[in-house]
Number of protein chains: 2
Amino acid sequence: MSTRGASPTIVDVAREAGVSIKTVSRVLNHEPGVHQSTRDQVLKVVEALRYRPKQSARSLAGGRSFLIGLLYYDPSAIFVGSVQQGATLRCRELGYHLVVESLHNDAPDLRQQIDRMVLALRPDGMILTPPLCDNPEVLAALRESGTPCVLMSPERDIRGVPSVRMDDVHAAEEITNLLLSLGHRRIAIIKGPPDQSASAARYQGFVNALRAHDIEPDPELVQPGAFTFASGRDAAHKLLSGRRRPTAVFASNDDMALGVLAAAHRLGLSVPGELSVVGFDDSPTAALVWPPLTTVRQPVAEMARAAVEMLVAVQRPDMAAPTAAAGLHQVLPHELVVRDSTRAR
Amino acid sequence: MSTRGASPTIVDVAREAGVSIKTVSRVLNHEPGVHQSTRDQVLKVVEALRYRPKQSARSLAGGRSFLIGLLYYDPSAIFVGSVQQGATLRCRELGYHLVVESLHNDAPDLRQQIDRMVLALRPDGMILTPPLCDNPEVLAALRESGTPCVLMSPERDIRGVPSVRMDDVHAAEEITNLLLSLGHRRIAIIKGPPDQSASAARYQGFVNALRAHDIEPDPELVQPGAFTFASGRDAAHKLLSGRRRPTAVFASNDDMALGVLAAAHRLGLSVPGELSVVGFDDSPTAALVWPPLTTVRQPVAEMARAAVEMLVAVQRPDMAAPTAAAGLHQVLPHELVVRDSTRAR
DNA sequence: CTGAAAGCGCTTACAG
DNA sequence: CTGAAAGCGCTTACAG
């Protein structure tokens, strides 16, 4: 065997296969114009030698790093965890690797941190999660460096910058329709913070559904919230201690729905017996509380997979077609998750 | 300016600074033996040109990738999120980057997946989280490749393989002591699954604390569990529907403690009025449930920082001393988090 | 304290 | 369909 102490290089493979290193390179990069028998022979040697091209050499010579960056801010967010899961699996399938970087959204040296990553690593693409994907400074730094980006659920789409998202309006409409179909008419909503576009979208869906049933939203049943447990609990307390209680509450996210559950417990209201509650996100906790929460599952991992594909397609002409068909701004289907926090009245 | 269209290279810096590229390299790598004025001059030019050495070139020439790998299995686990947060921040401070890979612990091609990552990327070190850090196949693959590893909270330490952990026994002892100090004497425990060493360690700490107070653990008050919400709920149901109820329950992790809370609610038992409950882990949900959970915070981010440091120290002689002092198997201090689920009886 | 040469392991034009 | 040469941007011995 020609395997010496060190790991084999392309030269070893070429020698063993009786071809030039250029041909080995062609085979490994799926380039056309190699005779099938030559290709097979090379692959056989590659397998036998357990040869893997070294990323640093490929990157230096070819200008492609096979690295995708994931920039995120909130580490505890389940959203990021799912993004990462989807992204890392798709990267593996496509021969890429995922480099993660936690950035504080208002760090004074944000620009330098990004520059450092981009200039040192030269990732072939970057996935941005909220709120970083809406940060003009981040976007500018990446644009100037020429790094392709995909925005995950940005506040609003940017011309020419690919994005992946779900349809918050329709999802909110659907979950409201579920409550309506269960016979609920006095349905309250706890909104998200005004500075997040998802808040408005979900509220819009809620209103759309009501109006389609000729119900005008009752201002008394619309409470502000902040996407936090405490804000949901406090809003619910107001809603539920009034004279004419709602029979159902739509919390604009799961954390607030958990707050609603806590408030209901405290007031001695049984859920779903006396009150139906729905959330949004399908957080891990949503299935663990009592009663398990009816909610909307965001297709986060799928969105991340799509993001990776869009980034990889930039460098692989053979993959460009399907992605182009999917469009620059992709919207992925969500899923209604019906559990035990909802019941017919 | 000599900044052309492309980003500057070491040659540009050397020319601008009037030195050889070797000297620039020395300065950038903090090598000794460069006159201070020369060093300053080089750094000035580096700054002006916004020069960052390209990782792929450094890696190819120097054999160091400045990449640390993080191998994990469960993406939803808060543990992994915190590990990653700590690791990515420390990496940044040390000029490294974190590459993450999600591996299924019993994937048939686990070996290949690891080989692919190791041979392609040549990470300078690898951080392994449970249960991967206890997987002999993973360990063997990494050992053979010569990749330095640090195990995060492994089941048991391995001679010669660095690890970082917390002291489960003492932490369990402390939280049990808290209950004892509140006057509780009939304290139940819901154990973790027998195949995880943390289960035994936490139980041991529990027993130690009781015995120190001359209390022999009552077999009736010891329930098996599986670290899941459902197992905690079911165990609590048994414990709480008996004739002689415990006044406090120590759930061996937070998920099970949430199950205890649910069971207590269902049985109409007020927490902490009629029952004190403690968990372990300080999961994000622990602070969000009602009542907020008294628990133990694992120093996970700090453990990850330490892991990165140990890995980097391997290549940097100047950093080796402090780490050597800290030892191959580090134990980091935990923290008791007292919230509202505990009260004097 | 500083530098000229060689080389890391690939890919990119360019030939044939 | 296949290959020989050059070069990517650094670091590593080796000199002086």
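If you check an unreviewed UniProt entry, chain A appears there as LacI family DNA-binding transcriptional regulator from Pelomonas aquatica.

Chemist: How do you make sense of the sheet that holds strand β8 (residues 248–251) of chain A when you look at a structure like this?
Modeler: Within a sheet, each strand pairs with its neighbour through backbone hydrogen bonds, oriented either parallel or antiparallel. Residues and elements named next belong to chain A. Pairing is parallel across the open sheet formed by 4 strands, whose spatial order is β7-β6-β8-β9. Whereas interior strands pair on both sides, the edge strands pair on one side only; in this sheet they are β7 (222–223) and β9 (276–278). Contacting β6 (187–190), β8 and β9, helix α8 (residues 168–181) runs over the sheet at an angle of about 170° to β8. Most of the contacts of helix α10 (residues 229–241) go to β6, to which it runs at about 150°, and overall it touches β6 and β7.

Chemist: For this particular structure, what's the right way to read the side chain of S102 of chain A?
Modeler: Structurally, the position occupied by S102 of chain A is in strand β2 (residues 97–102). The exposure class of S102 of chain A is buried, given its relative accessible area of 3%. Within polar-contact distance, the side chain of S102 of chain A engages the side chain of Q85 of chain B at 3.0 Å. If we skip the residues at most four places from it in the chain, S102 of chain A touches Y72 and Y73 of chain A together with Q85, T88, L89 and R92 of chain B.

Chemist: I tried to follow the interface of chain A and chain B on my own but got confused; where do I start?
Modeler: As a measure of interface size, the accessible area lost when the parts come together is often cited. Of the residues lining the interface, 45 residues belong to chain A; the matching set on chain B comes to 45 residues. Here chain A packs against chain B, burying approximately 4800 Å² in sum over the two surfaces, 53% of which is carbon and sulfur. It is R92, H97 and R116 of chain A in chain A that bury the most area against chain B; as a group they hold 15% of the surface buried on that side. The tally of links between chain A and chain B comes to 4 salt bridges. E101 of chain A serves as the salt-bridge partner of R92 of chain B, at 3.2 Å between the closest nitrogen and oxygen. Remark: the boundary between chain A and chain B carries 27 residue pairs in polar contact (both at pLDDT 80 or more).

Chemist: Where do I start with the UniProt feature "domain: HTH lacI-type" (unreviewed entry) in chain A in this structure?
Modeler: UniProt's feature table lists "domain: HTH lacI-type" (unreviewed entry) at residues 8–62 of chain A, given in the numbering used throughout. With 69% helix and 0% strand, residues 8–62 of chain A has end C-alpha atoms that lie 20 Å from one another.

Chemist: Hey, could you run me through the nonpolar core in this one?
Modeler: As a rule of thumb, soluble globular proteins bury nonpolar side chains together. I127 of chain A together with I127 of chain B are the most contacted members of the largest nonpolar core, which has 54 residues in total. Not counting chain neighbours up to four residues away, the residues in contact with I127 of chain B comprise I68, G69, L70, L71, A87, V150, M152, A304, A307, V308 and L311 of chain B. Among the nonpolar cores identified, the runner-up in size contains 38 residues, and L132, L139 and C149 of chain A together with L71 of chain B belong to it.

Chemist: Is there a simple way to explain the protein's contact with DNA strand C in this structure?
Modeler: The environment of DNA strand C is made up of 24 residues, and the closest members are I10, K22 and S25 of chain A together with R26 and T38 of chain B. When the atoms of DNA strand C within 4 Å of the protein are sorted by group, sugar and phosphate make up 64%. At 3.3 Å, a backbone N or O of A61 of chain B approaches a base oxygen of DNA strand C. Of the residues forming the surface near DNA strand C, the biggest block, 4 residues, is contributed by helix α4 (residues 55–62) of chain A. In terms of residue class, the surface near DNA strand C is built from 10 nonpolar, 9 polar and 5 charged.

Chemist: In this structure, what is going on with the relation of the copies chain A and chain B? I would like to understand it.
Modeler: The two chain copies are related to each other by a rotation about an axis together with a translation along it. Expressed as a screw transformation, the operator carrying chain A onto chain B has a rotation angle of 180° and an axial translation of 0.0 Å, and the superposed copies differ by an RMSD of 0.1 Å. The superposition of one copy onto the other is thereby described by a two-fold rotation axis. Comparing contact sets, 100% of the residues at the interface of chain A also lie at the interface in chain B, consistent with an isologous, same-surface contact.

Chemist: Can you walk me through the packing of aromatic side chains in this structure?
Modeler: The description of an aromatic ring pair uses the distance of the two centres, along with the angle that the planes make with each other. Residue and element names in this part refer to chain A. This structure, assessed with the given rule, holds 6 aromatic pairs over all chains. Seen from their ring centres, F66 and Y96 are 5.3 Å apart, and the 55° between their planes marks the pair as tilted. With F66 in the loop between α4 and β1 (67–72) and Y96 in the loop between α5 (78–94) and β2, this pair connects stretches of sequence that are 30 residues apart. According to the relative accessible area criterion, Y96 is buried, its value standing at 2%. An aromatic cluster is built from Y203, F206 and F250, whose rings are joined through pairwise contacts. The aromatic ring of Y203 is capped on one face by K191, whose charged end is 4.1 Å from the ring centroid.

Chemist: Can you help me understand the protein's contact with DNA strand D in this one?
Modeler: Close to DNA strand D lie 24 residues, the nearest being R26 and T38 of chain A together with I10, K22 and S25 of chain B. Here the atoms of DNA strand D within 4 Å of the protein split so that 64% fall in sugar or phosphate, with bases taking the remainder. One nitrogen or oxygen atom from the side chain of T23 of chain A is found 2.7 Å from a phosphate oxygen belonging to DNA strand D. Counting residues per element, the surface near DNA strand D draws most heavily on helix α4 (residues 55–62) of chain B, at 4 residues. Classifying every residue of the surface near DNA strand D gives 10 nonpolar, 9 polar and 5 charged.

Rules used throughout
Residues numbered from 1 in each chain as written. Chains lettered and ligands numbered in written order. Predicted model: local features only at pLDDT ≥ 70, side-chain atom pairs only at ≥ 80, totals over all residues. Heavy atoms only, no water. Pairing = 2+ DSSP bridges. Helix = DSSP H or I, 4+ residues; strand = E, 2+ residues; numbered from the N terminus. Contact = heavy atoms within 4.5 Å. Axes fitted to C-alpha atoms, helices over the stretch in contact; angles between N-to-C directions. Buried < 20%, exposed > 50% of the residue type's maximum accessible area, 1.4 Å probe, protein only. Polar contact = N/O pair within 3.5 Å; in protein donor to acceptor, adjacent residues only side chain to side chain. Buried area = accessible area lost by both parts, 1.4 Å probe. Salt bridge = Lys/Arg side-chain N within 4 Å of Asp/Glu carboxyl O. UniProt positions renumbered as here; feature names shortened; annotations may be inferred. Core = buried A, V, L, I, M, F, W, Y, C linked by side-chain atoms within 4.5 Å. Near = heavy atom within 4 Å. Nonpolar A, V, L, I, M, F, W, Y, C, P; charged D, E, K, R; others polar. Least-squares fit on C-alpha atoms with pLDDT ≥ 70 in both. Phe/Tyr/Trp six-rings, centres within 6.5 Å; stacked < 30°, edge-to-face > 60°. Lys NZ or Arg CZ within 6 Å of the ring centre and 35° of its normal.

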